[in-house]
Amino acid sequence: MNTAAPILLTPGPLTTSARTRQAMLEDWGSWDDRFNALTASVCAQLLAIVQGEGSHHCVPLQGSGTFAVEAAVGTLVPRAGKVLVLINGAYGKRLAKICEVLGRDFSTFETAEDEPTTAADVDRLLHADKAITHVGLIHCETSTGILNPLADIAQVVKQHGKRLIVDAMSSFGALPIDARAVPFDALIAASGKCLEGVPGMGFVLANKQALAAAQGNCHSLALDLFDQHSYMARTGQWRFTPPTHVVAALHEALLQYQEEGGLPARHKRYADNCQALLEGMADLGLRSFLSAVIQAPIIVTFHAPTDPRYQFKDFYERVKAKGFILYPGKLTQVDTFRVGCIGHVDAAGMHAAVKAIGQVLQEMCRRELARESL
Ligand SMILES: *Cc1c(COP(=O)(O)O)cnc(C)c1O
């Protein structure tokens, strides 16, 4: 799809279309009505992706995804609240760290990196600790690509009368979430992931009542979503300097998202990418870390080849020279590397990536390309 520059097989920043990048060639004034219309259109489209128009506000925020996660916790969890953080990877740990830094009381429940949190776990934990007010969940834990059962967990949280905060950064726009059926106070994502915009803007889909009740909670001026939302609702403008080019690119990326066929089409393309990747890598003898049932079609973790001549850095540089950017592993116990399935890339691109990986392993390890155990 994009032969001049390398294809980023990473979970954001990722490969964008030329059309999306082109949308950044204009300078926008933050007071300009046309720019404010772009922001309003982006927010409306983001809400529509989860059928959240009736129940939620979209609050955009300058910065990377983590800024939006921190803003959601800081704004929506009262200072006397307590968060149960569900962890099976690095982003779950980061969510706990945010609670710690913000001085919000929290407890953690950690499962292995290849083990989803279950609704039964959450039910048990909420029974055991009545002080918990909020549950924090990572939908797709990008450090492995594991999918956690959001809909089931959301029901249990609701049954207990508690609030749910979902980091859906790497799943939003590609995996279906229906706000009418899945109750959440906050669903957080960003411009530069499955929507295929450029990085620089996060957003929080915040439950209207929860946001209305959040005045004065936030520890931070810049990250206060209540203020950010009230100012925007009043003026149509961002409270502080907006990431104008990022918003324009996201708007253009959303037009393409709709033209492609919206969420079902995005999901299918990524699922096809994932399938092409898994099959091709299996043919090279490379095993994926997760079993297929818990693998989200977002990013795949592979065991590193055991050949002593394999070094990730060397491997990375050689694959990069062939036009593909891979991603290091993020697991503490096992040596792995990751390959993203998301971005402006299709199954043909994934086949080409697998071919390049096979050639590189052959160069590095002087191994045959035929099936062999590594
Ligand atoms: C990308 C991502 C984030 C945000 O990371 P930033 O580096 O701040 O953009 C948060 N959670 C998950 C699950 C992610 O994939």
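Residues numbered from 1 in each chain as written. Predicted model: local features only at pLDDT ≥ 70, side-chain atom pairs only at ≥ 80, totals over all residues. Heavy atoms only, no water.

In the nomenclature of an unreviewed UniProt entry, the protein chain corresponds to 2-aminoethylphosphonate--pyruvate transaminase from the organism Pseudomonas extremaustralis. The protein chain has a UniProt comment under Cofactor (unreviewed entry) that states "pyridoxal 5'-phosphate". What UniProt records for the protein chain under Function (unreviewed entry) is the sentence "Involved in phosphonate degradation." (UniProt positions renumbered as here; feature names shortened; annotations may be inferred.)

Colleague: What am I meant to see in the UniProt feature "modified residue: N6-(pyridoxal phosphate)lysine" (unreviewed entry) in the protein chain here?
Modeller: Within this structure's numbering, the places UniProt gives as "modified residue: N6-(pyridoxal phosphate)lysine" (unreviewed entry) are Lys193. Position of lysine 193 relative to the elements: it lies in the loop between strand E9 (186–190) and strand E10 (201–207). Since its relative accessible area comes to 13%, lysine 193 is described here as buried. Not counting residues up to four positions away in its chain, the partners in contact with lysine 193 are Pro11, Leu14, Met169, Ser170 and Ile342. (Helix = DSSP H or I, 4+ residues; strand = E, 2+ residues; numbered from the N terminus. Buried < 20%, exposed > 50% of the residue type's maximum accessible area, 1.4 Å probe, protein only. Contact = heavy atoms within 4.5 Å.)

Colleague: Explain the site of the ligand here, please?
Modeller: Taken together, the neighbourhood of the ligand is formed by Ser64, Gly65, Thr66, Tyr91, Arg94, Ile138, Cys140, Thr142, Asp167, Met169, Ser170 and Lys193. Within the backbone of glycine 65, a nitrogen or oxygen atom sits 3.3 Å from an oxygen atom of the ligand. In this structure, threonine 66 approaches the ligand through a side-chain N or O atom, which is 2.5 Å from an oxygen atom. Burial of the ligand by the protein amounts to 83% of the accessible area it has alone, namely 380 Å². The pocket occupied by the ligand, as judged from atoms lying within 2 Å of grid points, is the largest pocket. Put simply, the parts of the chain that give the shell around the ligand at least two residues each are helix H3 (65–76) and helix H4 (90–102). (Near = heavy atom within 4 Å. Polar contact = N/O pair within 3.5 Å; in protein donor to acceptor, adjacent residues only side chain to side chain. Areas by Shrake-Rupley, 256 points an atom, 1.4 Å probe, with all protein chains shown as cover. 1 Å grid on protein atoms, 1.4 Å probe; cavity = no way out; pocket = protein on both sides within 12 Å on 5 of 7 lines; lining within 4 Å. Sits in = over half its atoms within 2 Å of the grid points.)

Colleague: Would you mind showing me how to read the sheet that holds strand E8 (residues 163–167) here?
Modeller: Each strand in a sheet pairs with its neighbour through backbone hydrogen bonds, running either in the same direction (parallel) or in the opposite one (antiparallel). As summarised here, the arrangement of the 7 strands in space is E2-E10-E9-E8-E5-E3-E4, forming an open sheet in which the pairing is mixed. Across the chains shown, the open sheet's two edge strands, defined by having one partner strand only, are strand E2 (56–62) and strand E4 (105–110). If you compare each strand with its neighbour and ignore which way they point, the axes differ by 20° on average. Sheet topology places E2 next to E10; 7 bridges connect them, and they run antiparallel. (Pairing = 2+ DSSP bridges. Axes fitted to C-alpha atoms, helices over the stretch in contact; angles between N-to-C directions.)

Colleague: For this particular structure, what's the right way to read the domain arrangement of the protein chain?
Modeller: Interface size is commonly expressed as the accessible surface area that is lost when the partners come together. Segmentation of the protein chain into domains returns domain 1 (7–11 + 262–373) and domain 2 (18–258). Each of domain 1 and domain 2 has a C-alpha centre, and these two points are 28 Å apart. Of the residues lining the interface, 24 residues belong to domain 1; the matching set on domain 2 comes to 27 residues. Summed over both partners, the interface of domain 1 with domain 2 buries about 2,100 Å², with 59% contributed by carbon and sulfur atoms. Among the residues of domain 1 in contact with domain 2, Leu263, Arg266 and Ile294 are the three that bury the most area, contributing 28% of the side total. The interface formed by domain 1 and domain 2 holds 2 salt bridges in total. The residue arginine 269 makes a salt bridge to glutamate 196 at a minimum N-O spacing of 2.9 Å. (Domains from an automatic or database assignment. Buried area = accessible area lost by both parts, 1.4 Å probe. Salt bridge = Lys/Arg side-chain N within 4 Å of Asp/Glu carboxyl O.)

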